[in-house]
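# Secondary and tertiary structure notes
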Amino acid sequence: SSQGWIRMAALYKRMAKFLGGFRLLHWGPIVTLSLIIFISYVTLTQVVKNGRGRVPGPIELAWYIFSVIMLVYCYLKASFGGPGHAPEGWKPKYASDEKFLQHCKRCEGFKPPRAHHCSTCGVCVLKMDHHCPWINNCVGHHNHKVFFLFLCYVLIACAHSCLLLGPYTIRGVWIVFPRMSRYPPSIVLRLYQMLMAMVLALSLVVSIGCLWIQQLQAILGNITGIEQWIVKKAENRHRKIPFVYPYDLGWYRNWKMVMGPSLLAWISPVRITSKNEYADGIDYPIKEGCGKYDLTIEQLIQKQLKRHRSYTANVQKTFNTGCTNSSLNFVSLCVRYGFCSIYNYPGCDEACLSVKPGDQLLVTRKRKYWIYARKLASNGRTKTLRSNKKSNEAESLAQREAGTKEWSKRGWVPVACVRELPQTAEDFQRSMAPPKTMIDGGLEHKETTLRKRNTVDSHDETSSGKTYSKATRSNSSSDEMLKSKDKFQ
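These lines cover the structure that appears in this document, whether it is placed above or below. The structure displayed is predicted, hence computed values, not measured ones.

### A look at the overall build of the chain
Within the chain, the regular secondary structure consists of 16 helices and 11 strands. Split into buried and exposed, the 489 residues of the chain put 41% on the buried side. For the chain, long-range pairs separated by at least 24 residues make up 70% of all intrachain contacts whose partners lie at least 6 apart in sequence.

Structure below.
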């Protein structure tokens, strides 16, 4: 039954939490560790032991072994250490600040600034950048540095392997392959191993190099992949005052915040931060003139706009997500949903949604051939995780489990599967320019609350002999942002 599967999943998560080894029982870690072991094994055995290729000196050999050891250590630390999760039932210091934060229905608590809920891990991750299947964990506040060092050591070790394997492999392919029948099978097999190891190493250098550039830009800008998307949407919207990203302190301070204050700290897998760039995953230093909740307020507005612009659609054709996992069904998928739909498959971590005729969807995002939607209940509304306070504990738990199951039914669906309801002129005008009252609703109370709190904070700092100019400056931009929410006309 469904209850049995839920209990088995909960038991598996508890076992994985205590034993830890289950994190490596995933296709991502298995493939990654297999590639590392194979490339390093072929390099050390064929080049160092058998003297094939360019034999390194003792210092160069020690450096290669050191890079491989650091590679594996940083990988395991990034995977097992984790990014850091929001405390269970976390709430801000001031109750009035709850209006500026998002409430996670699955974790039943507020999301700290820069935290996001990972549907794969099932928790709210601090400063979440992305969920990496290769480490089977998220990249976030605590493991961002070791993940970046892991990428650095992968590039160093793989490039070094190419330099060691390259001369002998290229010469062997040029000489042995045209006259393969004249050579013993052991030489041919050895050459195949070295050629495969060099090709895999070159592939990792190219692919990991692209990811390394993205992570370097994220560190120098102190911005995660999710926040880049939020800032992009904020800058594209019409507004009177330009949006200022509050966490960009300059590339050098941003670098020290993640990597550490000194050169020794940069190459060390231990997270060391200076006092000026210290962040605990919940509170971060912000740019002068910006507020603590500028980004979270922008997120709330964007979600409000997304809900306002969403529309319903009826399903007229079956779509089964199990069919997309098999390449044998490629022809049938192209015939059923169109070649363009399969060719433009949204390559992202978000899953697809299985639908059948008669289902009603709430569409929140749309591409040319795909839509991102959520299943609606029979009454046309999605089930939430909020339970009745008067119900007993068992009923409340059952409601939360049912809400979690229903809430997770969302994903990508081909446009060919749905029949969109006709859009009226009023709906079109609403989607183009939402009314100002919807965007600014309740913000006057938020602005007043911020001003009162700023006055209290300034009084407390003055009474303790400290200047209150910094507190006023750090919160002044929140007032400015709350005043500038009339950008939609």
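### A short note on the nonpolar core
Counting 43 residues, the largest nonpolar core has Leu71, Ile135, Phe147, Phe150, Leu165 and Met259 as its most contacted members. Residue assignment for this core shows that the elements contributing at least two residues are helix H2 (27-49), helix H3 (58-81), helix H4 (144-175), helix H5 (185-221) and helix H7 (251-259). At 16 residues, the largest contribution of residues to this core is made by H4. Among all residues touching Phe147, those that are not within four sequence positions of it are Ala78, His130, Cys132, Ile135, Val139, Leu211 and Gln215.

### Notes on H4
Taking 1.5 Å of rise per residue, 32 residues should cover 46 Å, and H4 covers 46 Å from first to last C-alpha, within 8% of that figure. By the largest-angle criterion, Gly166 marks the main kink of H4, which is about 45 degrees, and a proline, Pro167, follows within four residues. Counting buried positions over the 32 residues of H4 gives 23, a clear majority of the element.

### Some remarks on the environment of Ile267
Relative to the assigned elements, Ile267 resides in helix H8 (residues 263-267). Ile267 sits in the partly exposed class, given a relative accessible area of 48%. Sequence separation between Ile267 and Met70 is 197 residues; the distance between their C-alpha atoms is 9.9 Å. Leave out the neighbours within four places in its chain, and Ile267 touches Met70, Leu149 and Tyr153.

### Quick look at unusual backbone geometry
Positive phi values are uncommon outside glycine, yet Glu108 reaches one of about 55 degrees. When you line up the elements, Glu108 lands in the loop between strand S1 (103-104) and strand S2 (109-110). The backbone phi angle of Asn136 is positive, close to 55 degrees, even though this residue is not glycine. Position of Asn136 relative to the elements: it lies in the loop between strand S5 (130-132) and strand S6 (137-139).

### Describing the pairing of strand S10 (residues 410-414)
In terms of residue burial, S10 counts as a mostly covered element, since 4 of its 5 residues are buried. Here strand S9 (residues 370-375) runs beside S10; their pairing, made up of 5 bridges, is antiparallel. Bridge pairing in S10 links Arg374 to Arg410.

### Observations concerning a positive patch on the surface
A cluster of basic residues, Lys233, Lys303, Lys306 and Arg307, forms a positive patch on the protein surface. With respect to the helices and strands, Arg307 occurs in helix H9 (residues 294-309).

### As for H5
For H5, which comprises 37 residues, the first-to-last C-alpha distance of 53 Å matches the rise-based estimate of 54 Å (1.5 Å per residue) to within 8%. Positioned one or two residues after H5, Asn222 has a phi angle of 50 degrees, which is positive.

### Remarks on the pairing of strand S8 (residues 360-366)
Pairing of strand S7 (residues 311-315) with S8 involves 4 bridges; the strand directions are antiparallel. Opposite Tyr311, over in S8, you have Val363 as the bridge partner. One ladder, built from 5 bridges, connects S8 with S9; its direction is antiparallel. The residue of S9 that forms the bridge with Arg365 is Tyr372. Hairpin connection, S8 to S9: the antiparallel pair is bridged by 3 residues.

The rules we used
- Residues numbered from 1 in each chain as written.
- Predicted model: local features only at pLDDT ≥ 70, side-chain atom pairs only at ≥ 80, totals over all residues.
- Heavy atoms only, no water.
- Helix = DSSP H or I, 4+ residues; strand = E, 2+ residues; numbered from the N terminus.
- Buried < 20%, exposed > 50% of the residue type's maximum accessible area, 1.4 Å probe, protein only.
- Contact = heavy atoms within 4.5 Å.
- Core = buried A, V, L, I, M, F, W, Y, C linked by side-chain atoms within 4.5 Å.
- Expected span 1.5 Å × (residues − 1).
- Bend = angle between axes of the 7 residues up to and from the residue.
- Pairing = 2+ DSSP bridges.
- Patch = residues over 30% accessible without salt bridge, like charges linked within 9 Å, V, L, I, M, F, W, Y side chains within 5 Å.
- Areas by Shrake-Rupley, 256 points an atom, 1.4 Å probe, with all protein chains shown as cover.
- Salt bridge = Lys/Arg side-chain N within 4 Å of Asp/Glu carboxyl O.
- Lys, Arg positive; Asp, Glu negative; His and termini not counted.
- Charge placed at Lys NZ, Arg CZ, Asp CG, Glu CD.

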